Amino acid sequence: MKVLLLGQHGQVSQELQRTLQGTSELTVLGHAQLDLAQPELIRQHVLRLRPELIINAAAHTAVDQAESEPERAFAINATAPGILAEAAAELGAPLIHYSTDYVFDGRKAEPYCESDATHPLSVYGRSKLAGEQAIQAVGGMHLILRTSWVYSLHGKNFLLTMQRLLQERENLSVVDDQIGAPTWAGTIAQATAQLIE
């Protein structure tokens, strides 16, 4: 199967590359090969490659930075997924897209489920929700997976930051007003691989 994976250096993408290696004809595009903030390039790249499956593991994930550059966050997280969905539908290819728990406001006292009402509080959350909605509006074959607190042995994540700070400092102060479900990037990759077997 010809698989197009977007987001070359992200935590989930790197695990997907390792997991899918040898099981499919995998083409991986990072920012250097395809800037998702330039929507006019996306469709032509996808149609030229003619994948049988598109996996969008690319995103503008710098939550705080998104507040100061909302146009870029929306281009990558909202506009690009919609264009990917259109190209996938044109090719008859399914699209797997990763979203986030930031589409919720965090006020629910128990775990969220897919059918809960969304209410993002940040530019990042609003842009990711807009991406989900753009994909759904196209109506092609798609699967949207919402992840939270992704961590792995590479990239930037809470686990690696805490490990580094424990080496550098004698005492740590950490916020304790957030509740989440840390998700190992390898588990996301394994679940995705099982979906496409």
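I will try to describe carefully the structure that is included in this document.

Looking now at the packing of aromatic side chains. By the definition in use, this model includes three aromatic pairs. For the ring pair Y102 and Y124, a centre distance of 5.2 Å and an interplane angle of 80 degrees mean the geometry is edge-to-face. Pair noted here: Y102 is in the loop between strand 4 (95-100) and helix 5 (123-138) and Y124 is in helix 5, with a separation of 22 residues, a long-range link. Centroid distance F104 to Y112: 4.1 Å. Interplanar angle 5 degrees. Geometry classified as stacked. Taking the relative accessible area as the measure of exposure, F104 reaches 8% and is therefore buried.

This next bit is on the side chain of T19. Following the sequence through the fold, T19 ends up in helix 1 (residues 11-20). Among the residues examined, T19 registers a relative accessible area of 15% and is labelled buried. A polar side-chain atom of T19 sits 2.8 Å from the main-chain carbonyl oxygen of E15.

The next subject is the pattern of salt bridges. Scanning the entire structure with this criterion turns up six salt bridges. In this structure, the salt-bridge partner of K108 is D116, at a minimum N-O distance of 2.6 Å. We classify K108 as partly exposed; its relative accessible area is 28%. A salt bridge links E168 to R164; its shortest N-O distance comes to 3.3 Å. In this pair, E168 and R164 are both assigned in helix 6 (residues 158-168), four residues apart and thus about one turn of the helix distant. E168 sits in the exposed class, given a relative accessible area of 51%. Exposure remark for R164: the relative accessible area of 42% places this residue in the partly exposed category.

On to helix 5. Helical geometry note: an α-helix holds 3.6 residues per turn, so side chains three or four residues apart project in the same direction. Taking 1.5 Å per residue, 16 residues should reach 22 Å; helix 5 reaches 23 Å between its end C-alpha atoms and fits that length. Listed in full, the buried residues belonging to helix 5 are V123, Y124, G125, S127, K128, L129, G131, E132 and I135. The elements touched by buried residues of helix 5 are helix 3 (63-68), helix 4 (70-91), strand 4 and strand 5 (142-147). Phi for G139, located one or two positions after helix 5, is positive at around 85 degrees.

Before going further, it helps to examine the side chain of T192. Residue placement: T192 occurs in helix 7 (residues 185-196). Contact partners of T192, with chain neighbours within four places excluded, come to L16, I55, I96, Y98 and L145.

Thresholds applied
- Residues numbered from 1 in each chain as written.
- Predicted model: local features only at pLDDT ≥ 70, side-chain atom pairs only at ≥ 80, totals over all residues.
- Heavy atoms only, no water.
- Phe/Tyr/Trp six-rings, centres within 6.5 Å; stacked < 30°, edge-to-face > 60°.
- Helix = DSSP H or I, 4+ residues; strand = E, 2+ residues; numbered from the N terminus.
- Buried < 20%, exposed > 50% of the residue type's maximum accessible area, 1.4 Å probe, protein only.
- Polar contact = N/O pair within 3.5 Å; in protein donor to acceptor, adjacent residues only side chain to side chain.
- Salt bridge = Lys/Arg side-chain N within 4 Å of Asp/Glu carboxyl O.
- Expected span 1.5 Å × (residues − 1).
- Contact = heavy atoms within 4.5 Å.

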